[in-house]
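Remarks on the overall topology
Here is how the chains run, residue by residue.
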Amino acid sequence: MPKQQKTSTFTWEGVNRRGQNTKGEIVALNSAYAKAQLRKQGIEPRKVKKATEPLFGIGGKSSKKIKSSDITFFTRQMATMVKAGVPLVQSFDIVSDSADNRAMRDIITEIRDSVSSGNDFAEALRQHPKHFDDLTCNLIESGEQAGTLQTMLDKVALYKEKSEALKAKMKKALMYPVITLFVAFVVTIILLVKVVPSFEQMFNNFGAELPAPTQFVVNISEITQEYYLYFIAILVITVTAFYQAYKKSKSFKDRVQASLLGVPVFGDLIIKAAVARFARVLSTTFAAGVPLVDALDSVAGAVGNSVYRDAVYKIKEDVASGQQIHLSMRSAKIFPNMVVQMTSIGEESGALDEMLGKAADYYEEEVDNAVDSLTAMIEPAMMVFLGVVIGGLIVAMYLPIFQMGDVV
């Protein structure tokens, strides 16, 4: 694949066609490209400068404020407006007014200005690559060229809504154990640093040897009191370093994603989600008339896992050389037989998009069921875990009190 040139975010100030002062952000290769894009939108730039990068990648304006749900809302509203026969430029104004997110309103205004100055809708979206992926731009471009923008916007909106629903299910499965473990960690630290020392002072007045469990907890408490700030600092540094490495290092991210497939329970959930994305995106793009080889590029960027991404790129090479897609999928050995068989039937019957859509529906439902089962399984497991950890500490502290009669 050709290497993409790195783009940057630039803040700008200028004057629009109506003579009004305006400002905003734009993504471009450099300031010269940024000025050229602004002039295409009918804006005469007065000041263009590169936006400062936030410390540790936190606090950036666009990335912080605009969520994927905002983009999904935008596509659905635009699909509704165009379907109702509202002119495209007027649709932008209506959707912008209904958006609660100020940053999203700014993006919509920039897109409207770009379209008003003569650019295609897809080209206007490509000026904001952080928020509109290649799949969205390619589908809308296909719709504009074929005169089916209304249909294509509806497909994009449906794809975005399905993707958001799948993402929400995955978050639901992962957040519960993470939050529970975090609460257990905080409560344990508080008990060891604040509560156990009070009991230890009382135990010293007993004049008797402490039970082994109690002595063990007291020893742990003494270590924790002395080093707990270091423990917390190490934990924060480790999590931050992992996050930054995962975000910035492609090789590290690929290794993590590949290893996650082997994690019990969660690995199966990730596989089903990747297969669902594969089938949904390929069905959507193929139904939109995008050539299969080009569609596979969009699929590779949407599956969400490095193993499946690399497999899709290999499938693309095989398909480009004339091989049927279901044969390449079978040789990859990571796609379920049902998906391979449905793809084969779709190729033979000429209804590939329909069969892949059914496969996507099936695996999205499988993800939903897996999340419900996982949640039902995790809840008692977390209760037992908390009971053993927190309850164990409390019981260990009360053992000497139960034996107080022997001391007296």
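Above this note sits the structure.
Computed from a prediction, not measured in an experiment: that's the story for all the values here.

Formed by 76 residues in total, the largest nonpolar core has its most connected members in F74, I111, F121, F132 and L282. With 12 residues, the top contributor of residues to this core is helix α16 (residues 352-402). Setting aside anything within four residues of it in sequence, one finds F74 in contact with F92, V95, M104, I108, I111, F121, L125 and F132. The next biggest cluster of nonpolar side chains, apart from the first, holds 12 residues, and it includes L191, F199, L210 and I390.

So, about unusual backbone geometry. In this model, K333 sits at a positive phi of 60 degrees, which is unusual for a non-glycine residue. Residue position: K333 is located in the loop between α14 (325-332) and α15 (337-349).

With that out of the way, let us pick up the sheet that holds strand β3 (residues 44-50). Spatially, the three strands line up as an open sheet ordered β2-β1-β3, and their pairing is antiparallel. At either margin of the open sheet sits one strand with a lone partner, and together these are β2 (21-28) and β3. Neighbour-to-neighbour, the strand axes of the sheet open up by a mean angle of 25 degrees, direction not taken into account. When strand β1 (residues 8-15) meets β3, the two strands line up antiparallel, connected through six bridges. Each bridged residue has a counterpart across the sheet, and for F10 the counterpart in β3 is K50. Lying over the sheet, helix α1 (residues 31-40) contacts β1, β2 and β3, oriented at roughly 145 degrees with respect to β3.

The rules we used
Residues numbered from 1 in each chain as written. Predicted model: local features only at pLDDT ≥ 70, side-chain atom pairs only at ≥ 80, totals over all residues. Heavy atoms only, no water. Core = buried A, V, L, I, M, F, W, Y, C linked by side-chain atoms within 4.5 Å. Buried < 20%, exposed > 50% of the residue type's maximum accessible area, 1.4 Å probe, protein only. Helix = DSSP H or I, 4+ residues; strand = E, 2+ residues; numbered from the N terminus. Contact = heavy atoms within 4.5 Å. Pairing = 2+ DSSP bridges. Axes fitted to C-alpha atoms, helices over the stretch in contact; angles between N-to-C directions.

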